[in-house]
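Fold and contact review
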Number of protein chains: 2
Amino acid sequence: MANTSSTTDVKVLGAWPSPFVIRVRIALNIKSVKYEFLEETFGSKSQLLLQSNPVHKKIPVFIHGGKPIAESLIIVQYIDEVWSSGPSILPSDPYDRAIARFWAAYVDDKFFPPLRLIKSAQGEEKAALVKQVTEGLDLLEEAFQKSSKGKAFFGGDRIGYLDIAFGSTLGWLRATENMGEVKLLDGAKTPGLVLWAESFCADGAVKGLIPETEKLVEFAKLLAARMKGGAPPKQ
Amino acid sequence: MANTSSTTDVKVLGAWPSPFVIRVRIALNIKSVKYEFLEETFGSKSQLLLQSNPVHKKIPVFIHGGKPIAESLIIVQYIDEVWSSGPSILPSDPYDRAIARFWAAYVDDKFFPPLRLIKSAQGEEKAALVKQVTEGLDLLEEAFQKSSKGKAFFGGDRIGYLDIAFGSTLGWLRATENMGEVKLLDGAKTPGLVLWAESFCADGAVKGLIPETEKLVEFAKLLAARMKGGAPPKQ
């Protein structure tokens, strides 16, 4: 099916800073699928976005042959199933697949929500958030040691579902370290993840998609200014 | 693989009132898989539960050949993939599968959380929760009309992934109507869902698993009494 899809068949509605959008783009790169990237402007929602995801009104939305799908991890699974001739994203073994799904859901439910709050938190609240995130990283280090079996990625020799789910947050992890003046990914405590993060960001399917720390920091500051009633961020 | 599994190979750690546990049991019934049901006692967590789901420490846990899996929808997908010779639970078409996954996630993230709060809420808070739930039911009615294409279930002629995800909450939906003195599933507004709920509860794979309203109401009252420092519920 990969070879019969024209670029206009495949559209991604998104924005460059969103880890959830990055997931979809990495999955498409793995499958060598060309796509049209329709950038949403922060602070407004396009008519196409509202029509395509009327329930959540959120990016990313993936549109294939005119049919929309929302929710990043659901989109990644769809891409894996439709372009099945390309390298697999989900592990082939059902148990490994269940474990990858478990940790991907963990990233979304327990790891990323406190991470995104650190940069604007202070005092005890900040300490509690940092604790949640570092405990999450300890668990993910353990999961990495078990899943990777000595290889570079959660998925083994090549990046897979959990690599994408977790790796997509690395830009914000670094930006948060910078803005929150905290060390989160620590080579002494999570040596496997530190090496994994390097391999992940250098991967051909990922390159150019994880935003530079400075760019995210600048974006976050503009966003914070706007939330306080300042000028809307230009981008 | 179904025929080579002995009962002791397959264990479900759960409790009868949990919709999440019910999902796993329905999926196993669909696949005609025999299993051992290990009932957790409310208010305490067994050593096996803590060992098998150390991250969330929650039921259900599914143990297959000694290997544990947590999170109900992940377990249902695993069961569908492992016992693939039985009737399919997920739709066969990737797009239909994505849509079923989308609505199942909606049930967990947006529909069930407000539903479980109604029975103990009052005044404006209660009205807001009821509004959220009934709006959710309107959306699910729309999804039902689209997915079922005139058939009895979201999955068509037989119950599938979204039927299980949503249908597992029907016991609590009814108990909430009873305790909260509200009408939620309304034949005038959601006629498709009312008929679907009847067909679902009468299905051979479901029968006996959706608890009776009176039993859930009694359980909820005992639980509420315990939360207020009363005696622990016997069950």
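Rules of the game
Residues numbered from 1 in each chain as written. Chains lettered and ligands numbered in written order. Predicted model: local features only at pLDDT ≥ 70, side-chain atom pairs only at ≥ 80, totals over all residues. Heavy atoms only, no water. Pairing = 2+ DSSP bridges. Helix = DSSP H or I, 4+ residues; strand = E, 2+ residues; numbered from the N terminus. Axes fitted to C-alpha atoms, helices over the stretch in contact; angles between N-to-C directions. Contact = heavy atoms within 4.5 Å. Least-squares fit on C-alpha atoms with pLDDT ≥ 70 in both. Domains from an automatic or database assignment. Salt bridge = Lys/Arg side-chain N within 4 Å of Asp/Glu carboxyl O. Polar contact = N/O pair within 3.5 Å; in protein donor to acceptor, adjacent residues only side chain to side chain. Nonpolar A, V, L, I, M, F, W, Y, C, P; charged D, E, K, R; others polar. UniProt positions renumbered as here; feature names shortened; annotations may be inferred. Core = buried A, V, L, I, M, F, W, Y, C linked by side-chain atoms within 4.5 Å. Buried < 20%, exposed > 50% of the residue type's maximum accessible area, 1.4 Å probe, protein only. Right-handed = clockwise from strand over helix to strand, strands pointing away. Buried area = accessible area lost by both parts, 1.4 Å probe.

Moving on to the sheet that holds strand E2 (residues 36-39) of chain A. Residue and element names in this part refer to chain A. Pairing in this open sheet of four strands is mixed, and the strands run E2-E1-E3-E4 from one edge to the other. Pairing within the sheet leaves two strands with one partner each, and these edge strands are E2 and strand E4 (67-70). Direction aside, neighbouring strands of the sheet carry axes that sit 20° apart on average. As judged from the four bridges shared by strand E1 (residues 10-14) and E2, these two strands associate in the parallel manner. Note that in E2 the partner of Val12 across the bridge is Phe37. Of the strands in this sheet, E1, E2 and strand E3 (61-64) touch helix H1 (residues 19-30), which is tilted by about 155° from E1.

Regular strands show a simple pattern: their side chains alternate between the two faces of the sheet. Residue and element names in this part refer to chain B. Direction of pairing for strand E3 (residues 61-64) relative to strand E4 (residues 67-70): antiparallel, over a ladder of four bridges. If you follow Val61 over to E4, its bridge partner there is Ala70. Counted along the chain from E3 to the antiparallel partner E4, the turn is two residues long, and its residue Gly65 has a positive phi close to 60°.

Turning our eyes to something else, we now look at the relation of the copies chain B and chain A. For the pair of chain copies, the relating operation is a rotation around an axis with a shift along it. Overlaying chain B with chain A gives an RMSD of 0.0 Å, the required rotation being 180° about an axis along which the chain moves by 0.0 Å. Such values leave the two copies arranged in the relation of a two-fold axis. Rotation axis and chain B: the residue whose C-alpha lies nearest the axis is Asp109(B), separated from it by 5.2 Å. When the interface residues of chain B are mapped onto chain A, 100% of them again fall at the interface, so both copies present the same face.

All names here are of chain A. The domain architecture assigned to chain A consists of domain 1 (2-82) and domain 2 (94-216). Taking only C-alpha atoms, the centre of domain 1 and the centre of domain 2 are 22 Å apart. On the side of domain 2, 21 residues touch domain 1, which itself brings 14 residues to the contact. Remark: the boundary between domain 1 and domain 2 carries one salt bridge. Its salt-bridge partner being Asp108, residue Arg23 comes within 2.7 Å of it at the nearest N-O pair. Connecting domain 1 to domain 2 are seven residue pairs in polar contact (both at pLDDT 80 or more). Residue assignment for the side of domain 1 that touches domain 2 shows that the elements contributing at least two residues are H1 and helix H3 (72-82). At nine residues, H1 tops the list of elements feeding residues into the side of domain 1 that touches domain 2. A per-class count over the side of domain 1 that touches domain 2 returns 10 nonpolar, two polar and two charged.

Those residues carrying the UniProt feature "domain: GST C-terminal" (unreviewed entry) are residues 93-219 of chain A in this numbering. For residues 93-219 of chain A, the end-to-end C-alpha separation is 40 Å, with 69% helix and 0% strand making up the annotated structure.

Turning our attention to the nonpolar core. One finds Phe62(A) and Phe62(B) to be the most contacted residues of the largest nonpolar core, which totals 145 residues. In this structure Phe62(B) touches Val10(B), Lys11(B), Val12(B), Val24(B), Leu28(B), Lys67(B), Pro68(B), Ile69(B), Ile75(B), Tyr78(B), Ile79(B) and Trp83(B), once residues within four positions along its chain are discounted.

A word on the pairing of E1(A). All names here are of chain A. In terms of burial, E1 is a largely internal element, four of the five residues being buried. Both E1 and E3 contribute to a ladder of four bridges, which runs antiparallel. Within E3, the position partnered with Leu13 by the bridge is Val61. Handedness of the β-α-β unit built from E1, H1 and E2 comes out right-handed.

Interface size is commonly expressed as the accessible area that is lost once the parts come together. On the chain A side, the residues contacting the 24 residues of chain B number 24 residues. Buried surface at the junction of chain B and chain A, both sides included, amounts to about 2,200 Å², of which 71% is carbon and sulfur. The three residues of chain B that bury the most area against chain A are Tyr95(B), Arg101(B) and Phe102(B), which together make up 28% of that side's buried surface. Taken together, chain B and chain A are joined by four salt bridges. Between Arg97(B) and Glu81(A) there is a salt bridge, and its shortest N-O distance comes to 2.9 Å.

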